[in-house]
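Chain residues, written in single-letter form:
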Amino acid sequence: MTFFLVGMIGVIVGALIVGVAFYFRIRYEEGKSQKNRILEHKVKEIETLVILNKKINEILEKRIIMMDKYVSFDAFDDCYITVDDYIYLQSFAAQNSFYLPNYFLEEFFKKIATRKVVLSPEETMEVGGYTFKGGRVIIEEFSDKITEMIYERKVEIKKMTKEPLTYFSKTL
């Protein structure tokens, strides 16, 4: 009878050890997968911000090419955005709203909309886009903010990848 009780106690202690080890292993795997999901999300944010910044820079460069076609009040300060580019920016913002900071984009569209030069629909079609009086500064600031956000996301990723994940670390 004594051997039976000692054997049962050994089995129960072994089961507890296995249960605790299993719990820590599951917690470790969940923390690892959550960390990977967060890193993937940050990478996708960076990719989306880079694409948006490329488009903004492309819009800023188009100004020089199409200088003679649009209405200008101050050649150095005004900005010309084609109808296609403006629609692209709005649809890009809507499609990637999960990865882009919404307040940041809404603020940009509000600021740029107040600078829009009012032309008749015929003149807008003739020019092929919109002219924003003093809009170049706003768009350049927007591009700078995007670049700053990209840098911040990269720093966050570096910090996250350097943090070790152990069996006893708290979940993210």
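All values derive from a computational prediction rather than experimental measurement. (Residues numbered from 1 in each chain as written. Predicted model: local features only at pLDDT ≥ 70, side-chain atom pairs only at ≥ 80, totals over all residues. Heavy atoms only, no water.)

**Q** Please give an account of the overall build of the protein chain that cites residues and values.
**A** Each helix and strand counted, the protein chain has five helices and two strands in total. Counting helices and strands in the order they occur from the N terminus, the protein chain gives α-β-α-α-α-β-α. The buried share among the 172 residues of the protein chain stands at 31%. Put simply, 78% of the contacts in the protein chain that link residues at least 6 apart link residues at least 24 apart. (Helix = DSSP H or I, 4+ residues; strand = E, 2+ residues; numbered from the N terminus. Buried < 20%, exposed > 50% of the residue type's maximum accessible area, 1.4 Å probe, protein only. Contact = heavy atoms within 4.5 Å.)

**Q** Tell me what's going on with the nonpolar core, and back it up with residues and numbers.
**A** Ranked by size, the top nonpolar core spans 28 residues in total, and within it L52, I112, I139, F142 and I146 carry the most contacts. Broken down by secondary-structure element, the contributors of at least two residues to this core are α1 (2–65), β1 (79–82), α2 (83–95), α3 (102–113) and α5 (135–162). When residues of this core are assigned to their parent elements, the largest contribution, eight residues, is made by α5. Not counting residues up to four positions away in its chain, the partners in contact with I139 are I56, L60, C79, I81, F108 and I112. (Core = buried A, V, L, I, M, F, W, Y, C linked by side-chain atoms within 4.5 Å.)

**Q** Talk me through α3; I want residue IDs and the actual numbers.
**A** With twelve residues, α3 ought to run about 16 Å at 1.5 Å a step, and its terminal C-alpha atoms sit 16 Å apart, in line with that. All of the buried residues in α3 are F104, L105, F108, F109 and I112. The buried residues of α3 occupy an angular sector of 130° when the element is viewed end-on, so they sit on one face. Of the exposed residues in α3, those oriented more than 90 degrees away from the buried face are Y103 and K110. (Expected span 1.5 Å × (residues − 1). Arc of directions from axis to C-beta.)

**Q** Can you explain the pattern of salt bridges? Please cite residues and give values.
**A** In the structure shown here, the tally under the stated rule is six salt bridges. For the salt bridge of D85 with K55, the shortest nitrogen-to-oxygen distance reads 2.9 Å. Residue D85 is found in helix α2, and its partner K55 is found in helix α1; the two are separated by 30 residues along the sequence. Put simply, R136 and E140 hold a salt bridge, and the shortest N to O gap is 3.3 Å. Here R136 pairs with E140, and both are found in helix α5, just four residues apart, close to one helical turn. With a relative accessible area of 33%, E140 lands in the partly exposed category. What emerges from the salt-bridge pattern is a single network uniting K55, E58 and D85. (Salt bridge = Lys/Arg side-chain N within 4 Å of Asp/Glu carboxyl O.)

**Q** So what's going on with the packing of α2 against α3? Which residues, and what values?
**A** At a closest axis distance of 11 Å, the pairing of α2 and α3 adopts a crossing angle of 155°. Classified by the angle their axes make, α2 and α3 are roughly antiparallel. Crossing of α2 against α3: the hand is left-handed. Contact residues: α2 offers Y86, L89, Q90 and A93, while α3 offers L105, F109 and I112. Its residues assigned to classes, the contact of α2 with α3 comprises six nonpolar, one polar and no charged. (Axes fitted to C-alpha atoms, helices over the stretch in contact; angles between N-to-C directions. Parallel < 35°, antiparallel > 145°, perpendicular 65-115°, else oblique. Left-handed = near helix turned anticlockwise from the far one by under 90°. Nonpolar A, V, L, I, M, F, W, Y, C, P; charged D, E, K, R; others polar.)

**Q** Describe in detail the packing of aromatic side chains, supporting the description with residues and values.
**A** Per the stated rule, a full pass over the model turns up seven aromatic pairs. Grouping aromatic residues by their ring pairs yields a cluster made of Y86, F104, F108, F109 and F142. Cation over ring: K44 sits above Y99, and NZ or CZ is 5.6 Å from the ring centre. (Phe/Tyr/Trp six-rings, centres within 6.5 Å; stacked < 30°, edge-to-face > 60°. Lys NZ or Arg CZ within 6 Å of the ring centre and 35° of its normal.)

**Q** Hey, could you go over the environment of G134 for me, with residue numbers and the actual values?
**A** Mapped onto the elements of the fold, G134 is located in the loop between β2 (129–132) and α5. Considering only alpha carbons, one finds G134 and C79, 55 residues apart in sequence, at a separation of 6.9 Å.

**Q** Give a description of the environment of R136 that names residues and reports values.
**A** Overall, R136 belongs to the buried group, its relative accessible area being 16%. R136 sits 57 residues away from C79 along the chain, and the two C-alpha atoms are 4.8 Å apart.

None of this, on its own, says anything about what the molecule does.
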